[in-house]
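Coordinates in review
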Amino acid sequence: MRKLDKKNGKPDPNGITFKSHIDGSMHYFTPQSVLDTQYQLNSDIMMILDDLVALPNTKERIELSIERTTQWAKEAIKYHKEQQKKGIGLKQNIFAIIQG
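The notes below deal with the structure included here. (Residues numbered from 1 in each chain as written. Predicted model: local features only at pLDDT ≥ 70, side-chain atom pairs only at ≥ 80, totals over all residues. Heavy atoms only, no water.)

Details of the packing of aromatic side chains
Evaluated as defined, the whole model comprises 2 aromatic pairs. Residues Phe18 and Phe29 carry aromatic rings whose centres are separated by 6.3 Å and whose planes lie at 50° to one another, so their mutual orientation is tilted. Of the two residues, Phe18 is situated in strand E2 (residues 15–19) and Phe29 in strand E3 (residues 26–29); the sequence distance between them amounts to 11 residues. Of the residues examined, Phe18 reaches a relative accessible area of 18% and is grouped as buried. Overall, Phe29 belongs to the partly exposed group, its relative accessible area being 30%. Ring geometry for Tyr39 versus Tyr79: centroids 6.5 Å apart, planes at 40°, classification tilted. Of the two residues, Tyr39 sits in helix H1 (residues 31–41) while Tyr79 sits in helix H2 (residues 59–85), which places them 40 residues apart along the sequence. As far as burial versus exposure is concerned, Tyr39 and Tyr79 are alike and both buried. (Phe/Tyr/Trp six-rings, centres within 6.5 Å; stacked < 30°, edge-to-face > 60°. Helix = DSSP H or I, 4+ residues; strand = E, 2+ residues; numbered from the N terminus. Buried < 20%, exposed > 50% of the residue type's maximum accessible area, 1.4 Å probe, protein only.)

In structure tokens, the structure reads:
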């Protein structure tokens, strides 16, 4: 996974706007949309969206990243459980991202 810098990615409380380094197109990823993509790909192991920051960085930005990633993980797990009740993703496993 590429680290997002300010020219390629911009996180907000709900997700990340990402500019493709391939064609410059813009994409918006949320905790739910990344799982939807992985459901469609039938991934065995699905990863939760995380707010990756380049290091070194400020203590405040790192704390925000941890808070945001934790919130997105909670949203993704809730969404995954809801999807499983609908029969989606029953054989797919969900994992959190751990940086460091």
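Thoughts on H2
With 27 residues, H2 should reach 39 Å at 1.5 Å per residue; the first-to-last C-alpha distance of 39 Å fits that figure. All buried positions along H2 are accounted for by Ser65, Arg68, Thr69, Trp72, Ala73, Ala76, Tyr79, His80 and Gln83. Next to the buried residues of H2 lie strand E1 (9–12), E2, H1, strand E4 (45–47) and strand E5 (93–95). The positive-phi residue at the C-terminal boundary of H2 is Gly87, with phi of around 85°. (Expected span 1.5 Å × (residues − 1). Contact = heavy atoms within 4.5 Å.)

That is the geometry; function is a separate question.
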